[in-house]
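What follows is the residue order along each chain.
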Amino acid sequence: MGATTIGALVGAAIDKMSGDNDSSVDGAIKGAIVANALKVVVPIAITYAVGWGVLRGAGELKAQLFETEDAA
């Protein structure tokens, strides 16, 4: 099953548990939208985190390699 289908099923189940109305279609639509949004947001967030870690590690390596003493 695709992420959109699973998102729709989960959204429908959550909407059905609230008991506000008889139809769970709006919950399924919201769940499908959230699933599709997460398909885009999660890879971007992971890429950003890895890039930030690499840049931070490169900065630490540079500081260790080119360590200079203060002329006080």
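See the structure above.
As the structure is a prediction and not an experimental result, all values here were calculated from the model.

(A) Structural view of the overall build of the protein. Helices and strands together make up the secondary structure of the protein, namely two helices and zero strands. The proportion of buried residues among the 72 residues of the protein is 14%. For the protein, the accessible area works out to roughly 6000 Å², and carbon and sulfur atoms hold 68% of it.

(B) Structural detail: the environment of Asn36. Looking at where Asn36 falls in the secondary structure, it is placed in helix H2 (residues 25-65). Residues Asn36 and Gly7, 29 residues apart in the sequence, show an inter-C-alpha distance of 8.3 Å.

(C) How the structure looks around helix H1 (residues 3-18). Its 16 residues place the ends of H1 23 Å apart at the C-alpha level, agreeing with the 22 Å of an ideal helix rising 1.5 Å per residue. Within the span of H1, buried status applies to Gly7, Ala8, Gly11, Ala12 and Asp15. Down the axis of H1, the buried set is contained in an arc of 130 degrees. They therefore lie on one face. Among the exposed residues of H1, those pointing more than 90 degrees away from its buried face are Ile14, Lys16 and Met17. At its buried positions, H1 is contacted by H2. Downstream of H1 by one or two residues, Gly19 has phi in the positive range, about 75 degrees.

Quick notes on the rules
Residues numbered from 1 in each chain as written. Predicted model: local features only at pLDDT ≥ 70, side-chain atom pairs only at ≥ 80, totals over all residues. Heavy atoms only, no water. Helix = DSSP H or I, 4+ residues; strand = E, 2+ residues; numbered from the N terminus. Buried < 20%, exposed > 50% of the residue type's maximum accessible area, 1.4 Å probe, protein only. Areas by Shrake-Rupley, 256 points an atom, 1.4 Å probe, with all protein chains shown as cover. Expected span 1.5 Å × (residues − 1). Arc of directions from axis to C-beta. Contact = heavy atoms within 4.5 Å.

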